[in-house]
Amino acid sequence: MMTYSSWVILGSLAGGICILWPARRTIQNLSDTLTALLILAVAAVTAGRAGYVLLNVDYFRDHMNEIVTLASPGYWGHAAIAGGLVAWWSIGRLRRRIAPAPLIILASLIGIGASVGCIPSGCAYGREVFWTDGWLWHLRADWPDMYSINNPRLPVQAGMAVWLAICAGSALAVLWAAHRRHLQSSIRGIALWLTLFAIGDFSLQFLRADPMPSFGPLRIAQWADMALFICGVALSLRYKIG
């Protein structure tokens, strides 16, 4: 059985190929794209790790050596997305921008890999359901939690994987339509992907049972989803996405 890390690596490799393949025509273009991809990867991984440490600051306060050694692996997806977006914008300013369509595919494949990898690893697991829960009982999957205890649960990880595929398809469709109409499309698909991801994750967070810090009535991840949603809508309005 493939591990969580194996699924993430598989998604990363597939997405990386989608980015590098169009740039293969010249050595200079391939070199620039590879450099941009490496910058993007470092920024996303660093931000994702930093976010995970902040979410679990009580643990890492007593295990400082594990922050860098990754003896306790973990990344926060929302922070990784934010770090990747900042890096993508920055490298664009240096005229080494990665095209939005491959970037959307990369982000979606990594997210799908992480979601699928979480199933056997017991991360991001759903709430338990019982036969008295009506129609929810029919959605159950006998998957483990973080303690490797299998119980009938809502298949949140599968739901996230499907939603990411929908996000990618919708965003790529917007890019294709913009290209057909000869519109400036570098931000259009990214904005839609952000908005849809935020909506889906915000909703699925209500169905999750894994521990996560909360602020008020919402989990921290849901507040982050609201921030990503606002960012996506702001970009949509700024670039007049219809």
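Thresholds, definitions, all that
Along each chain, the written sequence defines residue order, and numbers are assigned to residues from 1. Side-chain atom pairs in this predicted model are given and counted only at pLDDT of 80 or more, local residue features only at pLDDT of at least 70, and totals for whole chains, interfaces and linings cover all residues. In computing side-chain properties, one takes all heavy atoms of the structure into account and sets aside hydrogens as well as water. Any two of the Phe, Tyr and Trp rings considered here, Trp counted by its six-membered ring, make a pair once their centres fall within 6.5 Å; the pair's planes then place it as stacked at under 30 degrees, edge-to-face at over 60, or tilted in between. Residue exposure (1.4 Å probe, protein chains only): buried if accessible area is under 20% of the type maximum, exposed if over 50%, otherwise partly exposed. Only strands joined by at least two bridges in the DSSP assignment are considered to pair. Starting at the N terminus, helices and strands are each numbered in turn, a helix being any DSSP run of H or I of at least four residues and a strand any DSSP run of E of at least two. In what follows, salt bridge is the name for a side-chain nitrogen of Lys or Arg lying within 4 Å of a carboxyl oxygen of Asp or Glu.

Caption draft 1: Expanded view of the packing of aromatic side chains. Applying the stated criterion across every chain yields a total of five aromatic pairs. Considering the side-chain rings of Tyr 59 and Phe 60, the 5.2 Å spacing of their centres and the 90° angle between planes classify their relative orientation as edge-to-face. Overall, Tyr 59 belongs to the partly exposed group, its relative accessible area being 34%. A ring pair is formed by Phe 202 and Phe 206, whose centres lie 5.5 Å apart and whose planes are at 85°; its orientation type is edge-to-face. Residue classification places Phe 202 among the partly exposed residues on the basis of a relative accessible area of 23%. Members of the aromatic cluster, connected to one another through ring pairs, are Tyr 52, Tyr 59 and Phe 60.

Caption draft 2: Highlighting the pairing of strand β1 (residues 141-144). Note: β1 against strand β2 (residues 150-153), four bridges, orientation antiparallel. Bridging across to β2, Ala 141 finds its partner in Arg 153. Where β1 folds back on β2, the antiparallel hairpin that results is connected by five residues, among which Ser 148 adopts a positive phi of roughly 65°.

Caption draft 3: Region of the structure containing the pattern of salt bridges. Applying the stated criterion to the full structure yields five salt bridges. Notably, a salt bridge pairs Asp 145 with Arg 153, separated by 3.3 Å at the nearest N-O pair. In this structure Arg 153 comes out as buried when scored by relative accessible area, which is 3%. Here Asp 210 ties to Arg 219 by a salt bridge, and the two come within 3.1 Å at their closest N and O atoms. The class for Asp 210 is buried, based on a relative accessible area of 9%. Exposure remark for Arg 219: the relative accessible area of 11% places this residue in the buried category. Connected through salt bridges with shared partners, the residues Glu 128, Asp 145 and Arg 153 form a single ionic network.

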